[in-house]
Amino acid sequence: MPPDSLSALGDKFDVSDRMGKDSGKLTDNDDKSSNTGDEEQVGLKRKITLWNGVAIIVGCIIGSGIFVSPKGVLQEAGSVGLCLVIWCACGVISLIGALCYAELGVTITRSGGDYAYIREAFGPFMAFLQLWVNLIVIRPTAQAIVALTFAYYTLQPIFPDCDPPHLAVRLLAALCISLLTFVNAMSVRAATRIQDIFTAAKLVALGIIILTGAVQIGKGEVEHFQDSFEGTNWDVGKISLALYSGLFAYAGWNFLNFVTEEMIDPYKNLPRAIYISIPLVTLVYVFANVAYFTAMSPQEMLTSYATAVTFGQNVFGIAAVIIPLFVALSTFGGVNGLLFTSGRLCFVGAREGQLPGIMAMISVNKYTPMPAILFTGTLSIVMLISDNIYSLINYLSFTQWLSVGGSIAGMVYLRFKKPDMPRPIKLPLIIPFTFLFTVLFLLIVPLLAAPYDTGMGVLIVCSGIPVYFLGVMWKNKPKSFLNFMHNLTVLGQKSMNVSITDSQ
């Protein structure tokens, strides 16, 4: 919906006794602080601390990837040696990208992440395409993948000798998304506490795997590291697909940038959270993969859907049930972190007038972007229709790196277009240029190696073009359509008790 339509709707929001006629504020009767004469402000609150930020990044990154992607990386790499090199390379790539996002995050402090950066650099059209891809592919797909992994690992102990039924996996994944959507819609504090607790649980799970691997090495279980590069697939296309699988496991290193407006002292805490999180995750991932290969052969990993479960069965015997339990906790926290940041992206896009106005509203009681969170949670459940995780990863990866590349290109462009912008962090240009070169490799080579999957990504991006011209550029929409959208917005506002923010 164009900005003028959003403003027009804002002027009409007299639909609830709890809300002011024009401003969207609480009325005098319902103002919680009316006794003191100070009116409660409707808007996002700064409640995210440094350690909440670290938990969000680590929690978003360590979701399903380290428990799903090892098979995908090994399958394309062909050898244990190159597999471990790929995991290290993915950590370095993520760290370089995170450094660039640290500069972006303290230069453009609005929430929205890639969307806000691309809009600042290249204008509303390119920003909308990025928003479209995120709403339709990147966010719901990522949430669906992590939720499916949660469901699979939760049900695995119940079906020890076979894969759990697909229907049961999907239903449990849908329940997981639904529960966490409700929590995120109801309370920022509850969502961040869940993130803190489950981030600790996933680090405990990976700590158990890593320590067990160290014990295995001490016992001399190193046969799979001998001639470790034997069978390596040196095809550039295969290596790029291996990087896709590995980088999927690192996805989330830029997600804290989506909630900048809710961080306490973002100029300090945003870069600090990034600097702490990425090296920590890289060390954990590399050591976890080393541990996997101490207890299973490459062939065994390729035939296993649940890598960590197979590892636990080979090492712990009857106590192996603890591994799927901890993995389920890990992925549960991953879904929570993705939903938390995804709702903010949808909220910011609507606030800029590029989505229906209802998405830009805040719960007047809970101070959460409730409509945006409910919308992204619903799309994630729709994505559960597909049960081919590796195809989903390929769709996700191409569009995600296209989005990231656009943000970094915007960073370089703004260096020349607006050299006087305040930049508390200013990196040498060699760093963003190196990252851009890597992104180009990750976009061009897979287009040749997996043309169908990446071609679908291109089509999804292009499908946003007519949506932009019809939904945003077309100002003189029929009155019947505008009335329908207004009535729909009013209904949503009444049912969810939401309002535009005071800043709007």
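Residues numbered from 1 in each chain as written. Predicted model: local features only at pLDDT ≥ 70, side-chain atom pairs only at ≥ 80, totals over all residues. Heavy atoms only, no water.

Student: Which residues make up the overall build of the protein chain, and what are the values?
Tutor: Counting its regular elements, the protein chain contains 19 helices and two strands. Put simply, the protein chain has 504 residues, and 60% of those count as buried. Counted over contacts in the protein chain with a minimum sequence separation of 6, partners at least 24 positions apart contribute 81%. Of the roughly 19,700 Å² of accessible surface on the protein chain, a fraction of 65% belongs to carbon and sulfur atoms. (Helix = DSSP H or I, 4+ residues; strand = E, 2+ residues; numbered from the N terminus. Buried < 20%, exposed > 50% of the residue type's maximum accessible area, 1.4 Å probe, protein only. Contact = heavy atoms within 4.5 Å. Areas by Shrake-Rupley, 256 points an atom, 1.4 Å probe, with all protein chains shown as cover.)

Student: I'd like a rundown of the nonpolar core, residues and numbers included.
Tutor: Of all hydrophobic cores here, the largest spans 110 residues; its most connected members are Ile66, Phe67, Trp87, Ile209, Trp253, Tyr285 and Trp401. Phe347, Ile362, Ala372 and Met496 belong to the second-largest nonpolar core, a separate cluster that totals 23 residues. (Core = buried A, V, L, I, M, F, W, Y, C linked by side-chain atoms within 4.5 Å.)

Student: I'd love a proper account of unusual backbone geometry, names of residues and values included.
Tutor: Look at Asp227: it is not a glycine, yet its phi comes out positive at around 50°. By the secondary structure assignment, Asp227 is in the loop between helix 8 (188–218) and helix 9 (236–250). Accessibility expressed as a relative area gives 61% for Asp227, which makes it exposed. If you check the backbone angles, Asn497 has positive phi at about 55° while not being a glycine.

Student: Requested: an account of the environment of Asn314, with residues and values cited.
Tutor: For Asn314, the location among the structural elements is in helix 12 (residues 307–316). Take Asn314: its relative accessible area is 39%, and that puts it in the partly exposed class. For Asn314 and Ala295, which are 19 residues apart along the polypeptide, the C-alpha to C-alpha distance reads 6.3 Å.

Student: Describe the pattern of salt bridges, with residues and values.
Tutor: For the coordinates displayed, the defined rule picks out five salt bridges. With a shortest N-O distance of 2.8 Å, Arg415 and Glu103 are connected by a salt bridge. Here Arg415, found in helix 15 (residues 389–417), pairs with Glu103, found in helix 4 (residues 80–107); they are 312 residues apart in sequence, far enough to count as distant. Residues Arg415 and Glu103 agree in their burial class; the two are buried. For Glu352, the salt bridge identified is with Arg119, shortest N-O distance 3.2 Å. Taken together, the positions of Glu352 in the loop between helix 13 (322–351) and strand 1 (362–363) and Arg119 in helix 5 (residues 114–122) put the pair 233 residues apart, joining distant regions of the chain. Given a relative accessible area of 22%, Arg119 falls into the partly exposed group. Within the structure, one salt-bridge network assembled from shared partners comprises Glu103, Arg415 and Arg423. (Salt bridge = Lys/Arg side-chain N within 4 Å of Asp/Glu carboxyl O.)

Student: Tell me about the packing of helix 2 (residues 50–61) against helix 13, and name the residues and values.
Tutor: The interhelical angle for the contact between helix 2 and helix 13, taken along N-to-C directions, is 115°, at an axis separation of 7 Å. Classified by chirality, the crossing of helix 13 by helix 2 is left-handed. In this structure, helix 2 uses Ile56, Gly59 and Cys60 to contact helix 13, whose residues at the interface are Gly333, Gly334, Gly337, Leu338, Phe340 and Thr341. Its residues placed into classes, the contact of helix 2 with helix 13 shows four nonpolar, five polar and no charged. (Axes fitted to C-alpha atoms, helices over the stretch in contact; angles between N-to-C directions. Left-handed = near helix turned anticlockwise from the far one by under 90°. Nonpolar A, V, L, I, M, F, W, Y, C, P; charged D, E, K, R; others polar.)

Student: I'd like a rundown of the environment of Leu436, residues and numbers included.
Tutor: Looking at the secondary structure, you find Leu436 in helix 16 (residues 430–449). On the accessibility criterion, Leu436 (18% relative accessible area) is buried. With 28 residues separating them in the primary sequence, Leu436 and Ile408 have C-alpha atoms 6.9 Å apart. For Leu436, the contacting residues outside a window of four places in its chain are Gly405, Ile408, Ala409 and Val412.

Student: Explain the confidence of the model for the protein chain to me, using residue names and the numbers behind them.
Tutor: Scored by pLDDT, the protein chain has a mean of 80; 85% of the residues are at 70 or more. Ranking the elements of the protein chain by mean pLDDT puts helix 1 (residues 3–11) last with 37 and helix 7 (residues 166–186) first with 91. For the stretch residues 1–39, pLDDT sits under 50, and the model shows 80 contacts to residues farther than four places along the chain or on other chains. (pLDDT = per-residue confidence, 0-100.)

Student: Describe helix 14 (residues 370–383), and please don't skip the residues or the numbers.
Tutor: Spacing of three or four residues puts side chains on the same side of an α-helix, whose turn is 3.6 residues. Between the first and last C-alpha of helix 14 there are 20 Å, a value that for 14 residues agrees with the 20 Å anticipated at 1.5 Å per step. Buried residues along helix 14 sit in contact with helix 6 (124–155), helix 7, helix 13, strand 1, helix 19 (479–496) and strand 2 (498–499). (Expected span 1.5 Å × (residues − 1).)

Student: I'd love a proper account of the side chain of Gln143, names of residues and values included.
Tutor: Note on placement: Gln143 falls in helix 6. Look at Gln143 and you get buried, because its relative accessible area is 0%. Within the structure, the side chain of Gln143 is placed 2.6 Å from the side chain of Ser342, a separation counted as a polar contact. Setting aside residues up to four positions removed in sequence, Gln143 forms contacts with Ile177, Val335, Leu338, Leu339, Ser342, Thr376 and Ser380. (Polar contact = N/O pair within 3.5 Å; in protein donor to acceptor, adjacent residues only side chain to side chain.)

Student: Can you break down the packing of helix 13 against helix 14 residue by residue, with the values?
Tutor: Put simply, helix 13 and helix 14 touch, their axes get as near as 8 Å, and they point 115° apart. Crossing of helix 13 against helix 14: the hand is right-handed. Seen from helix 13, the contacting residues are Leu339, Ser342, Gly343, Arg344, Cys346 and Phe347; seen from helix 14, they are Ala372, Ile373, Phe375, Thr376 and Gly377. For the contact of helix 13 with helix 14, the per-class residue count stands at six nonpolar, four polar and one charged.

Student: So, helix 7: which residues are in play, and what are the values?
Tutor: Taking 1.5 Å of rise per residue, 21 residues should cover 30 Å, and helix 7 covers 31 Å from first to last C-alpha, within 8% of that figure. Residues of helix 7 that are buried make contact with helix 6, helix 8, helix 13 and helix 14.

Student: Just give me the short version of a nonpolar patch on the surface, but keep the residues and values in it.
Tutor: A cluster of nonpolar side chains, contributed by Val85, Phe229 and Trp234, occupies part of the molecular surface with about 340 Å² of accessible area. As for its position among the elements, Trp234 is in the loop between helix 8 and helix 9. Exposure remark for Trp234: the relative accessible area of 58% places this residue in the exposed category. (Patch = residues over 30% accessible without salt bridge, like charges linked within 9 Å, V, L, I, M, F, W, Y side chains within 5 Å.)

Student: Provide a residue-level description of the packing of aromatic side chains, including the pertinent values.
Tutor: Here the structure, examined in full by the defined rule, presents 16 aromatic pairs. Aromatic pair Trp87 and Tyr250: ring centres 6.3 Å apart, planes at 45°, arrangement tilted. With Trp87 in helix 4 and Tyr250 in helix 9, this pair connects stretches of sequence that are 163 residues apart. Ring geometry for Tyr468 versus Phe469: centroids 5.7 Å apart, planes at 80°, classification edge-to-face. Given the relative accessible area of 5%, Tyr468 is considered buried. Residue classification places Phe469 among the partly exposed residues on the basis of a relative accessible area of 44%. Joined through ring pairs, the aromatic side chains of Phe125, Phe128, Trp132, Tyr468 and Phe469 make up one cluster. (Phe/Tyr/Trp six-rings, centres within 6.5 Å; stacked < 30°, edge-to-face > 60°.)

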